[in-house]
Amino acid sequence: MTTKTTDLQWEIQAYGMTKAELNRMVKTQAPYGQELMFAAGLLSDAQQILDPEFNSDGWVSPETANQARQYVNCAKAIMFDVMDPSRRGAMGETA
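Quick caveat, the model's predicted, so the values are computed rather than measured.

Quick notes on the rules
Residues numbered from 1 in each chain as written. Predicted model: local features only at pLDDT ≥ 70, side-chain atom pairs only at ≥ 80, totals over all residues. Heavy atoms only, no water. Helix = DSSP H or I, 4+ residues; strand = E, 2+ residues; numbered from the N terminus. Contact = heavy atoms within 4.5 Å. Areas by Shrake-Rupley, 256 points an atom, 1.4 Å probe, with all protein chains shown as cover. Core = buried A, V, L, I, M, F, W, Y, C linked by side-chain atoms within 4.5 Å. Buried < 20%, exposed > 50% of the residue type's maximum accessible area, 1.4 Å probe, protein only. Phe/Tyr/Trp six-rings, centres within 6.5 Å; stacked < 30°, edge-to-face > 60°. Axes fitted to C-alpha atoms, helices over the stretch in contact; angles between N-to-C directions. Parallel < 35°, antiparallel > 145°, perpendicular 65-115°, else oblique. Nonpolar A, V, L, I, M, F, W, Y, C, P; charged D, E, K, R; others polar.

Enquirer: An account of the overall build of the chain is requested, with residue identities and associated values reported.
Expert: Along its length, the chain carries 5 helices and 0 strands. For the chain, the α and β elements follow one another from N to C terminus as α-α-α-α-α. The contacts of the chain with a sequence gap of at least 6 include a subset with a gap of at least 24, amounting to 60%. Here the chain has roughly 6300 Å² of accessible surface; of this, 59% comes from carbon and sulfur atoms.

Here is the structure:
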């Protein structure tokens, strides 16, 4: 059994924010119906920060790799929410 605290800790390590914060970010930055484009933008951001041109010596730091991982996790969460809006309801958010 998980607690609210451990759930929030998991969300923060996975997304870099809570799931509720991610949902608010999507609602404020992505026009309705454009959530998947927002997710695609996050995936592009992950690609960019991993690009050798962004990393002058060609080496990706652990912090940058973690940030890219969080962008990918955010994009996946958005896509899953679009495919199954009941996921937001289960977390106390509206679809």
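There is more to say, and it comes next.
Enquirer: Tell me about the nonpolar core, residues and numbers included.
Expert: Judged by nonpolar contacts, the single largest core of 13 residues is most densely connected at Tyr15, Leu22, Val26, Phe38, Leu42, Cys74 and Ile78. Counting residues per element, the ones that place at least two in this core are α1 (4-15), α2 (19-29), α3 (35-50) and α4 (62-83). The element contributing the most residues to this core is α4, with 4 residues. In contact with leucine 42, other than residues within four places in its own chain, are Tyr71, Cys74, Ala75 and Ile78.

Enquirer: Requested: an account of the packing of aromatic side chains, with residues and values cited.
Expert: Using the criterion set out here, one finds 1 aromatic pair in the structure. Ring centres of tryptophan 10 and tyrosine 15 lie 5.7 Å apart, and the angle between their planes is 90 degrees; on these two criteria the pair is classed as edge-to-face.

Enquirer: Residues and numbers for the packing of α1 against α4, please.
Expert: For the pair α1 and α4, interaxial distance at closest approach is 7 Å and the crossing angle is 110 degrees. Considering their axes alone, α1 and α4 lie roughly perpendicular with respect to each other. Packed against α1, whose contacting residues are Ile12, Gln13, Ala14 and Tyr15, the element α4 presents Arg69, Gln70, Asn73, Cys74 and Ala77 at the interface. Residue composition of the contact of α1 with α4, grouped by class: 5 nonpolar, 3 polar and 1 charged.

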